[in-house]
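Structural characterization, general
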Amino acid sequence: MTVLIFLGGLIGAMALGIPIAYALLAAGVGLMWQLDLFDAQILAQNFINGADSFPLLAVPFFMLAGEIMNVGGLSQRIVNFALALVGHVKGGLGYVVILAACLLSSLSGSAVADAAALTALLLPMMVKAGHKKEVSGGLIAASGVIGPIIPPSIGFVIFGVAANVSISKLFIAGIVPGIMIGMGLAVTWWWVGRKEALALPEKKSAAEIWRAARESVWALTLPVFILVGLRMGVFTPTEAAVVAAVYSLFVASVIYRELPLSALLPIFTTAAKTTAVVMFLVAAAMVSSWLITVANLPAQMVELLKPFMGNQTLLLIAIMVLVMLVGTAMDMTPTILILTPVLMPVIKAAGIDPVYFGVLFIINNSIGLVTPPVGTILNVVAGVGRMKMDEVTRGVLPFMAAEFAVMFIMVLFPQTVLAPLRWLTG
């Protein structure tokens, strides 16, 4: 009954068009009434405490870093470097998208920011080269999924706070899976475009490749700097976000000199607005999270999944299918905040490594950003690329299938995630 009241209130509010944050609050209030615990002070206290978290300070700074990189020329140089490396091979622009997505994801950690930058920079080039626009848009949308997986990752920060799991370990554990998804996309792009007869651009000379590498070295240094700093314990993930924002600001304004002072206010405003949306969602979800714990819903979930508890693989497959279904109707951040407190007791009871589960969970939620009908990245690519939503949706389907296939390979073979994590963390 408790589960039905919470889900009914949440789904009912969303069906009425109420924003998800307010729908979460409405569902929380309904649950408080049902438990005879309604108290405005408790509601306000949990709402404020939900956003009052030091690790969550990483969110606004990573948002700011991403905005600065797009405006200040760092993203453009990453794309130019990728073009110089693989732009000349058959279907080279598609591989440029994937390589650039992997590199950009190691800078900002925002799927939406990466997808917008790649669409603006590469979609016109792909169409001009003769690639189908819908397939090109689909590849760019699917490549944006890599953003929250390769560190730094805003998704890992939110999950780490909600699940009380080491964010540094989540960052390190996401490197290899992110690369695997990139490889899966590359294979799919080769398969989709194998029959295309396109004129290939000239191969860049060694001097041109060196010039592109030299121009992008300041941007490429940032992810190495952050990962080494985290691995050596020089700074926390929150401090790493500050380092990323300050570093990108310095490079964009002093080294590249493409960020005028007049552009700072719009950048800060955009980052602040995006952060406000995320943090309000976090605060509202923490109210529901507290009530979920009080109502003992995790224990009910453990009981529901008890038939799978004896087999970790079957349990993970069942959970991943559940998250896939939720991802078709809900955005990444609320899905993480709603499901994490419910699923973590199940994961701990089954003896599954929480970092390993966190990687799978974030990958699944990231792919949810391109699953119709509610696919945030699909909307971004359609808007920036001036395409119809159904065109992007058709184009993304084979790449989305490849990403789910890679995810389930990681479910069946846990060492694909755990072995690199143990090696990197010593």
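Residues numbered from 1 in each chain as written. Predicted model: local features only at pLDDT ≥ 70, side-chain atom pairs only at ≥ 80, totals over all residues. Heavy atoms only, no water.

Turning our attention to the overall build of the protein. From N to C terminus, the protein includes 21 helices and zero strands. Its C-alpha atoms give the protein a radius of gyration of 21 Å, near enough to 22 Å, the size a compact globule of 426 residues would have. Taking the principal axes of its C-alpha atoms as reference, the protein extends roughly 70 × 50 × 50 Å. Restricting to contacts in the protein with at least 6 residues of sequence separation, those with at least 24 account for 79%. If you sum the accessible surface of the protein, you get close to 18100 Å²; carbon and sulfur atoms cover 68% of it. Side chains of the protein carry 21 positive and 18 negative charges; the gap between the two charge centres is 11 Å. (Helix = DSSP H or I, 4+ residues; strand = E, 2+ residues; numbered from the N terminus. Rg over C-alpha atoms; globule rule 2.2 N^0.38 Å. Contact = heavy atoms within 4.5 Å. Areas by Shrake-Rupley, 256 points an atom, 1.4 Å probe, with all protein chains shown as cover. Lys, Arg positive; Asp, Glu negative; His and termini not counted. Charge placed at Lys NZ, Arg CZ, Asp CG, Glu CD.)

Attention now goes to helix α2 (residues 20-34). Here α2 contains 15 residues, and its C-alpha end-to-end distance of 21 Å stays within 8% of the 21 Å for a straight helix at 1.5 Å per residue. Within the span of α2, buried status applies to Ala-21, Ala-23, Leu-24, Leu-25, Ala-27, Gly-28, Leu-31 and Met-32. Downstream of α2 by a residue or two, Asp-36 has a phi angle that is positive, lying close to 55°. (Expected span 1.5 Å × (residues − 1). Buried < 20%, exposed > 50% of the residue type's maximum accessible area, 1.4 Å probe, protein only.)

This paragraph deals with the environment of Leu-259. Assignment of secondary structure puts Leu-259 in the loop between α13 (237-255) and α14 (264-294). Judged by relative accessible area, Leu-259 falls into the buried class, the value being 7%. The sequence separation of Leu-259 and Met-69 amounts to 190 residues, and the corresponding C-alpha distance is 9.6 Å. Apart from the residues lying within four places of it in its own chain, the contact partners of Leu-259 are Ile-68, Val-71, Gly-72, Leu-249, Ala-252, Ser-253, Leu-264 and Ile-267.

Backbone torsion omega between Pro-151 and Pro-152 reads 0°, so that peptide bond is classified as cis. Mapped onto the elements of the fold, Pro-152 is located in the loop between α8 (133-144) and α9 (154-163). Backbone geometry places Arg-386, a non-glycine residue, at a positive phi of 55°. Position of Arg-386 relative to the elements: it lies in the loop between α19 (376-384) and α20 (389-412). Judged by relative accessible area, which is 76%, Arg-386 ranks as exposed.

We now examine a nonpolar patch on the surface. The grouping of Val-217, Trp-218, Phe-250, Val-254 and Ile-255 at the surface amounts to a nonpolar patch, some 400 Å² of accessible area in total. For the nonpolar patch, the secondary-structure elements that each account for two or more residues are α12 (206-232) and α13. Sort the elements by how many residues they give to the nonpolar patch and α13 lands first, with three residues. Relative to the assigned elements, Val-254 resides in helix α13. (Patch = residues over 30% accessible without salt bridge, like charges linked within 9 Å, V, L, I, M, F, W, Y side chains within 5 Å. Salt bridge = Lys/Arg side-chain N within 4 Å of Asp/Glu carboxyl O.)

In the structure shown here, the tally under the stated rule is eight aromatic pairs. With 6.3 Å between their ring centres and 55° between their planes, Phe-159 and Phe-357 make a pair best called tilted. Taken together, the residues Phe-159 in helix α9 and Phe-357 in helix α18 (residues 354-367) connect sequence positions 198 residues apart. Neither Phe-159 nor Phe-357 differs from the other in exposure class; each is buried. Ring pairing ties together the aromatic residues Phe-62, Phe-156 and Phe-171, which thus form one cluster. Above the plane of the ring of Tyr-256 lies Arg-77, whose end atom (NZ or CZ) is 3.8 Å from the centre. (Phe/Tyr/Trp six-rings, centres within 6.5 Å; stacked < 30°, edge-to-face > 60°. Lys NZ or Arg CZ within 6 Å of the ring centre and 35° of its normal.)

Looking now at the nonpolar core. Grouped together as the largest cluster of nonpolar side chains are 140 residues, with contacts concentrated most on Phe-159, Ile-319, Phe-357 and Val-370. With twelve residues, α14 is the single largest residue contributor to this core. When near neighbours in sequence (up to four residues on either side) are disregarded, Ile-319 contacts Leu-305, Leu-343, Val-346, Ile-347 and Phe-357. (Core = buried A, V, L, I, M, F, W, Y, C linked by side-chain atoms within 4.5 Å.)

So, about the layout of surface pockets. Over the atoms a probe the size of a water molecule is rolled, and this reveals where empty space is left. The computed volume of the largest pocket comes to approximately 710 Å³. Lining the largest pocket are 33 residues, with Met-63, Val-112, Thr-274, Val-278 and Asp-331 sitting closest to its centre. Of all elements in the fold, only α2, α4 (58-71), α7 (111-129), α9, α14 and α17 (332-350) reach the threshold of two or more residues within the lining of the largest pocket. Per-element accounting of the lining of the largest pocket gives the leading share, seven residues, to α14. Here the residues of the lining of the largest pocket are counted per class, giving 22 nonpolar, nine polar and two charged. (1 Å grid on protein atoms, 1.4 Å probe; cavity = no way out; pocket = protein on both sides within 12 Å on 5 of 7 lines; lining within 4 Å. Points joined across faces, edges and corners; volume = space filled by probe spheres on them. Nonpolar A, V, L, I, M, F, W, Y, C, P; charged D, E, K, R; others polar.)

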